[in-house]
Amino acid sequence: MRAAAAATWVADACDRLTDAKDELTELDAAAGDGDLGVTVAAGATEVAAALRALRPDAGVADVLRVAGAAFARGNPSSFAALVGGGLVAAARATADAVAFDPATVRALVATAASTIAERGGSAPGDRTVLDVLVPLGDALAASSPAPLAELVATASAGVNATTTMVPARGRAAWVGERGLGVPDGGATAVLRFLQALGSTRGEQAA
Amino acid sequence: MLVRRGGTPAGQVGIVTGGGSGHLPLFLGYVGPGLASAVAVGNVFSAQSSDAALAAVRAADSGCGVLVLIGNYTGDRLNFELAADLAEAEGRAVRIVRVADDVASAPPERAGDRRGVAGIVFAYSCVGAAAARGDSLEDVVAVAERTIAATRTMGVGLSATVLPTTGRPSFEIGADEMEIGIGIHGEPGRVRGPLRPADDIADDLLDSVLAELGLGAGSRAAVLVNGLGATSPEELYVLARRAHHRLSALGVEVHRTLVGEFATSMEMAGASISVLALDDELTALFDAPADSPLVPRSL
């Protein structure tokens, strides 16, 4: 898929993602400080506007860099800066790509996940966004292109797994086992984003 | 965001700093000749945005690159790292160095996890002077790392800060209690106990600070006694006197002692003592001219 078309699709999905604001606020309030709903909704709004303002000849790296900067701009939280930093690093890793082909998608997910892990000092199992991103990267590495529905199922399984994890990072770590039984908000946000991609464009190969 | 008037002089590395508000004169007060070129701040005890961080980096870059000098706090770091990525995509050279001087916040084997507190003031002074004499970005980074490696701080808190966002104290502490090792956001320290005389408190702080600096007869040091917001200058000078006596007894030459409010925590009562082990080069950098409306000319 050409970069400009992907940007439009992602912008539409970001409009839809703002519907998850209250759910993410509640999940985060159960284990963290409750600002995740605002962070994701404000970030998604900024991303949609920034991607729609891109020039039609924008490349893959432009889309990722602009999206990363815009997501972090929405609300200056650690989650926003981590995800934004992951996307900007993904832009560097895909600098030569002209389209969101399977190899590019694989590289961007892997780079975003490894950058977030390094900067956040966390690993899969710490009850973070990585508990969805790493399984997604593994799924893409095993078989790509992967149908979007399959990626949604992978993300959903990752979110469910976080309900039994004790938080190790971020403000959620302060409450420790109080977060048990509730899925991680950051991981849930990725799932909701993939579902929004599905509902705005139907079945697509990623 | 605040930028030095006229920006970074041509041919000099730009110095950028920033973080949450609530610590004046940190961070806004350290912008000026011989100090930082630009600063980005967030709300009280909240990280600066990546947008403000990027704007500060751009404003400070005269074409010779930018050193971002910040305290070791996750939100501050993540937003400056993102800003550095975006600045590098524009072709700018950016390096981030984190100050982690608070000995109470992690043991020596995890020194990189320590918080940055008042000792960052020594780094501003030496790094600002290195930039002003025309050092390259790599050389300014080396001065920053050397200054930080030679700086240790420890603080004591006697009352909590009331956060404007909640209207409540950031932690509970009795009127007859103190907490040794407290952070500048009220992070828990090492020991909570009954109040003791100022000299005893100074000894506690200095024992931890000096244990890691290896100062002895013939060495030279600078001392910074910092009020956290609600402690009087008279009390700070009592701590400074004890620090001077302790270092002199070790045979250490106290090159200069700074006493005042350099990195506060709103209206928290308490103080911190920072010590910088000086060599000839750091002494010259520390003594070089620096000027800002919010900090003493002597810095």
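Residues numbered from 1 in each chain as written. Chains lettered and ligands numbered in written order. Predicted model: local features only at pLDDT ≥ 70, side-chain atom pairs only at ≥ 80, totals over all residues. Heavy atoms only, no water.

An unreviewed UniProt entry lists chain A under the name DAK2 domain-containing protein, from Jiangella asiatica.

Participant: Even after reading the chapter, I still don't get the overall build of chain B, so can you show me in this structure?
Facilitator: Looking only at helices and strands, chain B features seven helices and 11 strands. Relative to the 2.2 N^0.38 estimate, which gives 19 Å for 299 residues, the radius of gyration of chain B is 18 Å and therefore close to what a compact globule would have. Over its C-alpha atoms, taken along the principal directions, chain B stretches across nearly 55 × 50 × 35 Å. Here the contacts in chain B between residues at least 6 apart in sequence split such that 74% fall between residues at least 24 apart. Carbon and sulfur atoms form 53% of the exposed surface of chain B, whose accessible area is close to 11,100 Å². Across chain B, the mean location of the 23 positive side-chain charges is 2 Å away from that of the 36 negative side-chain charges. (Helix = DSSP H or I, 4+ residues; strand = E, 2+ residues; numbered from the N terminus. Rg over C-alpha atoms; globule rule 2.2 N^0.38 Å. Contact = heavy atoms within 4.5 Å. Areas by Shrake-Rupley, 256 points an atom, 1.4 Å probe, with all protein chains shown as cover. Lys, Arg positive; Asp, Glu negative; His and termini not counted. Charge placed at Lys NZ, Arg CZ, Asp CG, Glu CD.)

Participant: In this structure, what is going on with the sheet that holds strand β4 (residues 66–71) of chain B? I would like to understand it.
Facilitator: Neighbouring strands of a sheet are bound in pairs by backbone hydrogen bonds; such pairs are parallel or else antiparallel. Residues and elements named next belong to chain B. Spatial strand order, β1-β3-β2-β4-β5: five strands in an open sheet with mixed pairing. Bordering the open sheet on either side are β1 (2–3) and β5 (94–99), each of which pairs with just one other strand. Bridge count for β4 against β5 is six bridges, and the pairing is parallel. Across the sheet, residue Val68 finds its bridge partner in β5, namely Ile96. In the packing of helix α2 (residues 74–89) onto the sheet, the strands contacted are β2 (14–21), β3 (38–44), β4 and β5, and the crossing angle to β5 comes to about 165°. The strands touched by helix α3 (residues 120–132) within the sheet are β2, β4 and β5, with β4 carrying the most contacts at an inclination of about 170°. (Pairing = 2+ DSSP bridges. Axes fitted to C-alpha atoms, helices over the stretch in contact; angles between N-to-C directions.)

Participant: Can you walk me through the packing of aromatic side chains in this structure?
Facilitator: For any pair of aromatic rings, the description consists of the separation of the ring centres together with the inter-plane angle of the planes. Residues and elements named next belong to chain B. With the rule as written, the count across this model stands at three aromatic pairs over all chains. On the numbers, 4.9 Å between centres and 20° between planes, the contact of Tyr30 with Tyr124 is stacked. Of the two residues, Tyr30 sits in the loop between β2 and β3 while Tyr124 sits in helix α3, which places them 94 residues apart along the sequence. Each member of the pair, Tyr30 together with Tyr124, is buried. Arranged with centres 5.6 Å apart and planes meeting at 75°, the rings of Phe122 and Phe286 form a pair that is edge-to-face. Of this pair, Phe122 sits in helix α3 while Phe286 sits in helix α7 (residues 280–287), placing them 164 residues apart in sequence. Given the relative accessible area of 0%, Phe286 is considered buried. (Phe/Tyr/Trp six-rings, centres within 6.5 Å; stacked < 30°, edge-to-face > 60°. Buried < 20%, exposed > 50% of the residue type's maximum accessible area, 1.4 Å probe, protein only.)

Participant: Would you mind showing me how to read the nonpolar core here?
Facilitator: One recurring pattern in soluble globular proteins: nonpolar side chains tend to sit buried together. Ranked by size, the top nonpolar core spans 82 residues in total, and within it Leu67(B), Leu215(B), Ile273(B) and Val275(B) carry the most contacts. In terms of residue count, α3(B) provides more of this core than any other element does, 10 residues in total. Of the residues that make up this core, three or more belong to each of domain 1 (2–149) and domain 2 (151–282) of chain B. Excluding residues within four positions of it along the chain, Leu67(B) makes contact with Val13(B), Gly14(B), Ile15(B), Val16(B), Arg95(B), Val97(B), Val127(B), Leu137(B), Val140(B), Val141(B) and Ala144(B). In terms of nonpolar packing, the next biggest core, distinct from the first, is built from 60 residues, Cys14(A), Leu24(A), Ala70(A) and Ala146(A) among them. (Core = buried A, V, L, I, M, F, W, Y, C linked by side-chain atoms within 4.5 Å. Domains from an automatic or database assignment.)

Participant: Could you clarify how one ought to interpret the layout of surface pockets in this entry?
Facilitator: Take a probe with the size of a water molecule and roll it over the atoms, and the empty space left behind shows itself. All names here are of chain A. Size it by volume and the second largest pocket reaches roughly 990 Å³. Taken together, 40 residues line the second largest pocket, and the ones lying closest to its centre are Leu87, Leu108, Phe193, Leu194 and Leu197. If you list the elements that add at least two residues to the lining of the second largest pocket, you get α1 (3–17), α3 (36–52), α4 (60–74), α5 (78–93), α6 (102–120), α7 (130–142), α8 (148–161) and α10 (185–201). Class assignment of the residues belonging to the lining of the second largest pocket gives a composition of 37 nonpolar, two polar and one charged. (1 Å grid on protein atoms, 1.4 Å probe; cavity = no way out; pocket = protein on both sides within 12 Å on 5 of 7 lines; lining within 4 Å. Points joined across faces, edges and corners; volume = space filled by probe spheres on them. Nonpolar A, V, L, I, M, F, W, Y, C, P; charged D, E, K, R; others polar.)

Participant: Sorry if this is basic, but what is going on with the side chain of Ser265(B) here?
Facilitator: All names here are of chain B. With respect to the helices and strands, Ser265 occurs in the loop between β10 (253–260) and β11 (270–278). According to the relative accessible area criterion, Ser265 is buried, its value standing at 0%. In terms of polar contacts, Ser265 uses its side chain to reach the backbone carbonyl oxygen of Ile184, at 2.7 Å. Those residues in contact with Ser265 that lie beyond four places of it in its chain are Gly22, His23, Phe45, Thr161, Ile184, His185 and Leu228. (Polar contact = N/O pair within 3.5 Å; in protein donor to acceptor, adjacent residues only side chain to side chain.)

Participant: Quick question: what am I supposed to make of the interface of chain B and chain A here?
Facilitator: One frequent convention defines the size of an interface as the accessible area lost when the parts assemble. Contacts between chain B and chain A engage 16 residues on the former and 15 residues on the latter. With both chains or domains summed, chain B and chain A bury close to 1,200 Å², and 58% of this area falls on carbon and sulfur atoms. Connecting chain B to chain A are four salt bridges. Between Glu81(B) and Arg119(A) there is a salt bridge, with the nearest N and O atoms lying 3.4 Å from each other. At the boundary of chain B and chain A, one finds five residue pairs in polar contact (both at pLDDT 80 or more). For the side of chain B that touches chain A, the secondary structure elements donating two or more residues are α1 (50–60) and α2 of chain B. Ranked by the residues each element gives to the side of chain B that touches chain A, the list is headed by α2(B), at 11 residues. Looking at the side of chain B that touches chain A residue by residue, the classes come out as five nonpolar, six polar and five charged. (Buried area = accessible area lost by both parts, 1.4 Å probe. Salt bridge = Lys/Arg side-chain N within 4 Å of Asp/Glu carboxyl O.)

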